[in-house]
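Architecture at a glance
Residues per chain are reported as follows:
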Amino acid sequence: MILGLAGDVWGAPLTLERMLGWIMAPVAWAMGMSWPEALAAGPLLGTKVVINELVAYLQFTADPSAFSPRARVILTYALGSFANIGSLGIMIGGMVAMVPERRTDIVRLAPLSLVSGTIATCMTGAVVGLVVW
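Every residue gets a number counted from 1 within its own chain, in the order that chain's sequence is written. pLDDT decides what is reported in this predicted model: residues at 70 or higher carry local features, side-chain atom pairs at 80 or more are listed and counted, and totals for whole chains, interfaces and linings draw on all residues regardless. Heavy atoms from the whole structure form the basis of all side-chain values; hydrogens and water molecules are not counted.

1. Considerations on helix H6 (residues 103–131)
Short version of the rule: Put simply, DSSP marks the helices as runs of H or I at least four residues long and the strands as runs of E at least two long, and each gets a number from the N terminus on. A helix is expected to span 1.5 Å for every residue after the first. The angle separating two fitted axes, one through the seven residues that finish at a residue and one through the seven that start at it, defines the bend at that residue. When checking whether two residues touch, look at their non-hydrogen atoms; a contact exists if any pair is within 4.5 Å.
Over its 29 residues, H6 extends 42 Å from the first C-alpha to the last, a length consistent with the 42 Å expected when each residue adds 1.5 Å. Of all bends in H6, the biggest is about 30°, found at Ala110, and the proline Pro111 comes one to four residues later. Where H6 is buried, its residues touch helix H1 (16–30), helix H2 (35–50), helix H4 (69–78) and helix H5 (85–98).

Written out as C-alpha coordinates, the structure reads:
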(Lines give C-alpha, C1' and ligand atoms only; values in the text may rest on other atoms or scores of the structure.)
Protein backbone atom coordinates (compact mmCIF):
# COMPACT_ATOMS: atom_id res chain seq x y z
CA MET A 1 0.00 0.00 0.00
CA ILE A 2 2.92 2.32 0.67
CA LEU A 3 4.20 1.84 -2.88
CA GLY A 4 0.74 2.81 -4.14
CA LEU A 5 1.28 6.28 -2.71
CA ALA A 6 4.05 6.84 -5.23
CA GLY A 7 1.49 6.87 -8.04
CA ASP A 8 2.41 5.97 -11.59
CA VAL A 9 6.09 5.61 -12.44
CA TRP A 10 6.81 5.60 -16.17
CA GLY A 11 3.17 4.97 -17.00
CA ALA A 12 2.37 2.14 -14.58
CA PRO A 13 1.84 1.79 -10.82
CA LEU A 14 4.90 1.09 -8.72
CA THR A 15 4.90 -2.49 -7.39
CA LEU A 16 7.43 -4.83 -5.80
CA GLU A 17 7.33 -6.95 -8.94
CA ARG A 18 8.26 -3.98 -11.13
CA MET A 19 11.04 -2.89 -8.79
CA LEU A 20 12.50 -6.40 -8.71
CA GLY A 21 12.03 -6.55 -12.47
CA TRP A 22 14.35 -3.56 -12.84
CA ILE A 23 16.90 -5.29 -10.63
CA MET A 24 16.52 -8.69 -12.30
CA ALA A 25 16.73 -7.50 -15.94
CA PRO A 26 20.56 -7.26 -15.84
CA VAL A 27 20.60 -10.68 -14.14
CA ALA A 28 18.53 -12.12 -16.99
CA TRP A 29 20.94 -10.53 -19.44
CA ALA A 30 23.87 -12.13 -17.56
CA MET A 31 22.14 -15.50 -17.89
CA GLY A 32 22.49 -15.17 -21.66
CA MET A 33 19.41 -13.38 -22.95
CA SER A 34 19.47 -10.44 -25.32
CA TRP A 35 18.76 -7.08 -23.69
CA PRO A 36 15.17 -6.75 -25.07
CA GLU A 37 14.43 -10.27 -23.81
CA ALA A 38 16.05 -9.48 -20.47
CA LEU A 39 13.78 -6.45 -20.08
CA ALA A 40 10.79 -8.75 -20.57
CA ALA A 41 12.24 -11.49 -18.33
CA GLY A 42 13.10 -9.18 -15.41
CA PRO A 43 9.48 -8.67 -14.34
CA LEU A 44 8.87 -12.42 -14.59
CA LEU A 45 11.79 -13.07 -12.26
CA GLY A 46 10.52 -10.33 -9.95
CA THR A 47 7.07 -11.91 -9.94
CA LYS A 48 8.63 -15.26 -9.08
CA VAL A 49 10.33 -13.77 -6.02
CA VAL A 50 7.43 -11.65 -4.77
CA ILE A 51 4.46 -13.91 -5.56
CA ASN A 52 5.54 -17.40 -6.68
CA GLU A 53 6.80 -19.41 -9.62
CA LEU A 54 3.34 -20.57 -10.72
CA VAL A 55 2.14 -17.01 -11.36
CA ALA A 56 5.41 -16.22 -13.12
CA TYR A 57 5.03 -19.28 -15.37
CA LEU A 58 1.45 -18.25 -16.19
CA GLN A 59 2.64 -14.77 -17.17
CA PHE A 60 5.50 -16.35 -19.14
CA THR A 61 3.16 -18.52 -21.19
CA ALA A 62 0.79 -15.62 -21.88
CA ASP A 63 3.15 -14.22 -24.56
CA PRO A 64 5.76 -16.79 -25.60
CA SER A 65 6.55 -14.84 -28.78
CA ALA A 66 8.41 -12.25 -26.68
CA PHE A 67 11.29 -14.70 -26.24
CA SER A 68 13.56 -16.67 -28.52
CA PRO A 69 13.64 -20.45 -28.09
CA ARG A 70 16.94 -20.15 -26.20
CA ALA A 71 15.55 -17.51 -23.83
CA ARG A 72 12.47 -19.67 -23.24
CA VAL A 73 14.66 -22.56 -22.14
CA ILE A 74 16.72 -20.30 -19.87
CA LEU A 75 13.57 -18.84 -18.30
CA THR A 76 12.03 -22.26 -17.85
CA TYR A 77 14.91 -23.18 -15.57
CA ALA A 78 15.32 -19.73 -13.99
CA LEU A 79 11.68 -19.55 -12.89
CA GLY A 80 11.62 -23.06 -11.44
CA SER A 81 12.41 -22.69 -7.75
CA PHE A 82 10.74 -22.07 -4.44
CA ALA A 83 12.87 -18.98 -3.77
CA ASN A 84 9.96 -16.66 -3.04
CA ILE A 85 8.51 -14.76 -0.10
CA GLY A 86 5.67 -17.25 0.46
CA SER A 87 8.07 -20.18 0.68
CA LEU A 88 10.22 -18.11 3.01
CA GLY A 89 7.26 -17.76 5.38
CA ILE A 90 6.57 -21.48 5.23
CA MET A 91 10.21 -22.22 5.98
CA ILE A 92 10.32 -19.81 8.92
CA GLY A 93 7.08 -21.17 10.36
CA GLY A 94 8.14 -24.80 10.06
CA MET A 95 11.64 -24.34 11.41
CA VAL A 96 10.55 -22.15 14.32
CA ALA A 97 7.94 -24.76 15.25
CA MET A 98 10.66 -27.44 15.30
CA VAL A 99 13.33 -25.40 17.09
CA PRO A 100 11.68 -22.46 18.90
CA GLU A 101 14.82 -21.58 20.86
CA ARG A 102 16.62 -20.74 17.58
CA ARG A 103 13.92 -18.32 16.39
CA THR A 104 16.23 -15.31 16.18
CA ASP A 105 18.82 -17.22 14.12
CA ILE A 106 16.18 -18.57 11.75
CA VAL A 107 14.57 -15.17 11.19
CA ARG A 108 17.99 -13.54 10.73
CA LEU A 109 19.14 -16.10 8.14
CA ALA A 110 15.83 -16.48 6.27
CA PRO A 111 16.26 -13.48 3.91
CA LEU A 112 19.74 -14.73 3.06
CA SER A 113 18.25 -18.07 2.07
CA LEU A 114 15.88 -16.23 -0.28
CA VAL A 115 18.80 -14.42 -1.90
CA SER A 116 20.95 -17.56 -2.12
CA GLY A 117 18.05 -19.57 -3.58
CA THR A 118 17.48 -16.90 -6.22
CA ILE A 119 21.19 -16.84 -7.06
CA ALA A 120 21.26 -20.65 -7.34
CA THR A 121 18.27 -20.62 -9.67
CA CYS A 122 19.81 -17.90 -11.82
CA MET A 123 23.06 -19.88 -11.98
CA THR A 124 21.06 -22.85 -13.26
CA GLY A 125 19.61 -20.59 -15.95
CA ALA A 126 23.10 -19.35 -16.80
CA VAL A 127 24.46 -22.89 -17.16
CA VAL A 128 21.53 -23.75 -19.41
CA GLY A 129 22.33 -20.59 -21.38
CA LEU A 130 25.85 -21.89 -21.93
CA VAL A 131 24.63 -25.29 -23.10
CA VAL A 132 21.70 -24.25 -25.32
CA TRP A 133 22.65 -22.39 -28.47
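Still more ground to cover, so stick around.
2. Comments concerning the nonpolar core
As a reminder of what qualifies: For our purposes a nonpolar core is just a set of buried Ala, Val, Leu, Ile, Met, Phe, Trp, Tyr and Cys residues, chained together by side-chain atoms within 4.5 Å. We call a residue buried when its accessible area falls under 20% of the maximum for its residue type, exposed when it is over 50%, and partly exposed in between, using a 1.4 Å probe and counting protein chains only.
The biggest cluster of nonpolar side chains holds 19 residues, and the ones touching the most others in it are Ala28, Met31, Met33, Leu45, Phe67, Leu75 and Leu79. Those elements giving two or more residues to this core turn out to be H1, H2, helix H3 (53–62), H4 and H6. Other than its neighbours up to four places away in sequence, Met31 contacts Leu45, Ile74, Ala78, Cys122, Gly125, Ala126 and Gly129.

3. A look at the UniProt feature "transmembrane region" (unreviewed entry) in the chain
Stated formally: UniProt positions are given in the numbering used here, feature names are shortened, and annotations may be inferred rather than shown by experiment.
In this structure's numbering, the residues bearing the UniProt feature "transmembrane region" (unreviewed entry) are residues 74–97 and 109–132. Counted over residues 74–97, helix gives 75% and strand 0%. Its end C-alpha atoms are 36 Å apart. Summarising residues 109–132: 96% helix, 0% strand, and an end-to-end C-alpha distance of 35 Å.

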